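Structural overview
Each chain, letter by letter, is given below.
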Amino acid sequence: MVIMQTNSWVPLFPDQASTFAWQVDLLYAYLIIVSIAFTIPIVVAIFYFGLRYREKEKYATPDEMHGSIMLETVWSIIPFVISMTIFLGGAYVYYNQYRIPDDPAMEVYVVGKQWMWKLQHSTGQREINELHVPVGRKVKLTMTTEDVLHDFSIPAFRTKADVVPGRYTYLWFEATKPGKYHLFCAEYCGLNHSGMGGWVYVMEQRDFDNWLSGNVSGQTPVEQGRDLFENKLGCASCHAGGPQQRGAKLEGIFGKEVKFVGGGSATVNEEYIRNSILNPSSQVVEGFQPIMPTFKGQVTEEQLVSLVAYIKSLSGVTGTTSTPGTPPAASNSASNSATPSRADGGNANMQGSNPNAPAANSNR
Ligand code: CUA
């Protein structure tokens, strides 16, 4: 299609570099065609009627008109069909984009801050304002922010999502061709918003493996999380899972349903774990005392991401099914299928009872 040429001087339509890019473009083209198909006849009719029925004699009485069932039926059904196709097409593209696959080949953690993107692979490699991914693999991003709202946007993949203080949001994509693509912040976030961007590098699997092994990985998020859990924060003194322990045993907890004292329940997902660390008393699980102190202010968003990754790993959810040294995907399928897969960060039960939600942010 002509309007989708890639190297136009004004980059209105960037490369189509993900599996759903063409769907977004097709829907957009359809909307433009429908708009044009209505706009032109209406403008022509305005001028035609203006001339044809202009006033020729003062106080003329127009001919009486009666309704036309035929006409009214036609002008109801045609717009109905058009708007339903827009709705169905939009819903299809939306669900395809924002329902996170249960079996991502790769997981990347993203933390936004004024004014940079900090990314970490589940194998430990860190990047700033750059993201390297292999072509043809499903990549899941788990994202949050240290300060204000940002929006992680990759136009060539036709996808983006807000990054919200106090919550996790998710994106996924499968890149279809190697290359270097713009990464933007798409939500005004202060003075240097326009500079808060970078590049996504899509590489052949072999090049990606080279890149990965050529970068110091340091600790993986799971290892960092374990270190925090066992040493730095001392979570293990209550949560190590022994019979004398006061805190909940965390093995196998991810994806499970928990009931709260005083009613209500939630599925254990990333959001729930995060909230349990920062606001433990807001969701005390049945059978436990509200004795856990809050860790608000003592852990950074990146540390929280590591803790969440570690606690997920206790249930066999690693997010790195392709990496050697981690459990094979097959043994994870049960817990993976329970992974929250909604773009808005998951369980509707929880949103209302999350005192930790954006209000905690004073920078806005
Ligand atoms: Cu971050 Cu705009």
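Described in the following lines is the structure provided in the data block. These numbers come from a predicted model, not from an experiment.

**Comments concerning the sheet that holds strand β5 (residues 138-145)**
Pairing is mixed in the open sheet, where 5 strands are placed in the order β3-β2-β1-β5-β8. Because the sheet does not close on itself, it has two edges, and the strands there are β3 (126-128) and β8 (169-174). For this sheet, the mean angle separating the axes of adjacent strands, direction not counted, is 25 degrees. The pairing of strand β1 (residues 106-113) with β5 spans 7 bridges and is classified as parallel. Within the sheet, the bridge partner assigned to Val110 lies in β5 and is Met143.

**Details of the environment of Lys160**
Mapped onto the fold, Lys160 is located in strand β7 (residues 159-163). On the basis of relative accessible area, Lys160 is assigned to the partly exposed category, the value being 41%. For Lys160 and Phe184, which are 24 residues apart along the polypeptide, the C-alpha to C-alpha distance reads 9.1 Å. When near neighbours in sequence (up to four residues on either side) are disregarded, Lys160 contacts Tyr98, Asp151, Phe152, Ser153, Leu171 and Ala186.

**As for the packing of helix α4 (residues 221-232) against helix α7 (residues 301-313)**
In the contact formed by α4 and α7, the axes pass within 7 Å of each other and the chain directions differ by 95 degrees. As the angle between them shows, α4 and α7 are arranged roughly perpendicular. Between α4 and α7, the contacting residues are Pro221, Val222, Gln224, Gly225, Arg226, Leu228, Phe229 and Glu230 on the first element and Gln303, Ser306, Leu307, Ala309, Tyr310 and Ser313 on the second. A per-class count over the contact of α4 with α7 returns 7 nonpolar, 5 polar and 2 charged.

Here is what the cut-offs are and how they apply
- Residues numbered from 1 in each chain as written.
- Predicted model: local features only at pLDDT ≥ 70, side-chain atom pairs only at ≥ 80, totals over all residues.
- Heavy atoms only, no water.
- Pairing = 2+ DSSP bridges.
- Helix = DSSP H or I, 4+ residues; strand = E, 2+ residues; numbered from the N terminus.
- Axes fitted to C-alpha atoms, helices over the stretch in contact; angles between N-to-C directions.
- Buried < 20%, exposed > 50% of the residue type's maximum accessible area, 1.4 Å probe, protein only.
- Contact = heavy atoms within 4.5 Å.
- Parallel < 35°, antiparallel > 145°, perpendicular 65-115°, else oblique.
- Nonpolar A, V, L, I, M, F, W, Y, C, P; charged D, E, K, R; others polar.

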